[in-house]
Amino acid sequence: MAGYSKKRLASLVDSLPGFKEPKLRLEQYATPGDIAATIAWTMYMRGELNEGWVVDLGCGTGRLAYAASLLGARALCVDIDPAPLAIPASLSIDVAQCDAGMPCVKRGVKVVMNPPFGIWTRRGDSLFIRGAAAVAGVIYSIHKYAALQYILRLAEGLGLRAELLDAARIDIPPMYPHHRKRRHSVAVAIIRLEATSRGTPNRSE
């Protein structure tokens, strides 16, 4: 564990640079350090960082991958936008540019992700869930709490067993032209999904 406490882990994640030019259509927001630390710490305590690759799907600046790598994981950052990939690459984390709906990784990885909430990217949340389910047996994901029941039904239909790990809030600063508040707070759910014995999830609607 390299001597990291969960609090220290969160602090290191929060020290990473943010998006220089965030893209609204991709719903790019930085994942808070405490949430990234919660996911990485849970994976570490469950022994899920010891084998195979952890893929940060739609990674943005790579905060989830960075947290996992600090606890010993072999991490890969995947994003359709090449610009923010420079940040995890500078930390010696492997990166790949591709679409989250068709991840450019082999089956058998574990996925961590903070996908679009589907506000500006239609069905962005379900697209990420389906993409992750196509390659991963274990998925950690962050979603708007208000959409939790929808996500759980989708997961069940894909042959994924869901576990609610925690509820949290993401405070979003005024990043885009439509933002009028000094800070907007969004309630989120942190969930763990695991493939069941039903076989390979069906990616069709």
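Check the entry above for the structure.
Described below are features of the structure shown in this document. Per chain, residues are indexed from 1 in the order of the written sequence. Only residues with pLDDT of at least 70 are given local features in this predicted model, and only at 80 or more are side-chain atom pairs given and counted; all residues enter the totals for whole chains, interfaces and linings. Side-chain metrics in this entry use all non-hydrogen atoms of the structure; hydrogen atoms and water are not considered.

## Re unusual backbone geometry
Negative phi characterises most residues that are not glycine, and trans characterises most peptide bonds.
Then, number 1: One non-glycine residue, E27, lies in the positive phi region at around 50°.
Then, number 2: Secondary structure elements are defined from DSSP: runs of H or I of at least 4 residues count as helices, runs of E of at least 2 residues count as strands, and each element is numbered from the N terminus. Note that E27 resides in the loop between α1 (6-14) and α2 (33-45).
Then, number 3: For every residue, the accessible area obtained with a 1.4 Å probe (protein chains only) is divided by the maximum for its type, and the residue is called buried under 20%, exposed over 50%, and partly exposed between those limits. According to the relative accessible area criterion, E27 is buried, its value standing at 8%.
Then, number 4: A positive phi is found at S92, a non-glycine position, where the angle reads about 65°.
Then, number 5: Turning to its location among the elements, S92 is positioned in the loop between α4 (86-90) and β3 (94-97).
Then, number 6: Classification of S92 by relative accessible area gives exposed; the value is 70%.

## Looking at the layout of surface pockets
Then, number 1: Of the volumes computed, that of the largest pocket is approximately 480 Å³.
Then, number 2: Forming the boundary of the largest pocket are 32 residues, of which L26, G58, N114, P116 and F128 lie nearest the centre.
Then, number 3: Those elements giving two or more residues to the lining of the largest pocket turn out to be α3 (63-70), β2 (74-79), α5 (124-133) and β6 (160-172).
Then, number 4: The element best represented in the lining of the largest pocket is α5, accounting for 3 residues.
Then, number 5: Three residue categories are used. Nonpolar comprises Ala, Val, Leu, Ile, Met, Phe, Trp, Tyr, Cys and Pro, charged comprises Asp, Glu, Lys and Arg, and polar comprises the others, including Gly. For the lining of the largest pocket, the per-class residue count stands at 17 nonpolar, 9 polar and 6 charged. Here a cavity denotes a set of grid points, spaced 1 Å apart and computed over the protein atoms alone, in which a 1.4 Å probe fits but from which it cannot get out, and a pocket denotes an open set meeting protein on both sides within 12 Å along at least five of seven lines; residues with an atom within 4 Å of a point are reported as lining. Grid points are joined across faces, edges and corners, and a volume is the space filled by probe spheres set on the points.

## Some words on the side chain of S141
Then, number 1: Within the secondary structure, S141 sits in strand β5 (residues 136-144).
Then, number 2: Of the residues examined, S141 reaches a relative accessible area of 0% and is grouped as buried.
Then, number 3: Among the polar contacts made by the side chain of S141, one reaches the side chain of H143 at a distance of 2.7 Å.
Then, number 4: A contact between two residues is defined here by any heavy atoms of the two lying within 4.5 Å. Those residues in contact with S141 that sit more than four places away from it in its chain are M113, P115, I129, A189, I190 and I191. We define a polar contact as two N or O atoms separated by no more than 3.5 Å, with the added condition that, inside protein, one atom must be a possible hydrogen donor and the other a possible acceptor, whereas residues neighbouring each other in sequence contribute only through side-chain atom pairs.

## Quick word on the pairing of strand β1 (residues 53-57)
Then, number 1: Of all 5 residues making up β1, 4 are buried, and the element is well covered by its neighbours.
Then, number 2: Handedness of the β1-α3-β2 crossover: right-handed.
Then, number 3: Only when DSSP finds a minimum of two bridges between them are two strands counted as paired. Across 4 bridges, the pairing between β1 and strand β4 (residues 109-113) is parallel. Counted as the bridge partner of V54 is K110 from β4. Look down the strands so they point away from you; if the path from the first strand over the helix to the second goes clockwise, the crossover is right-handed.

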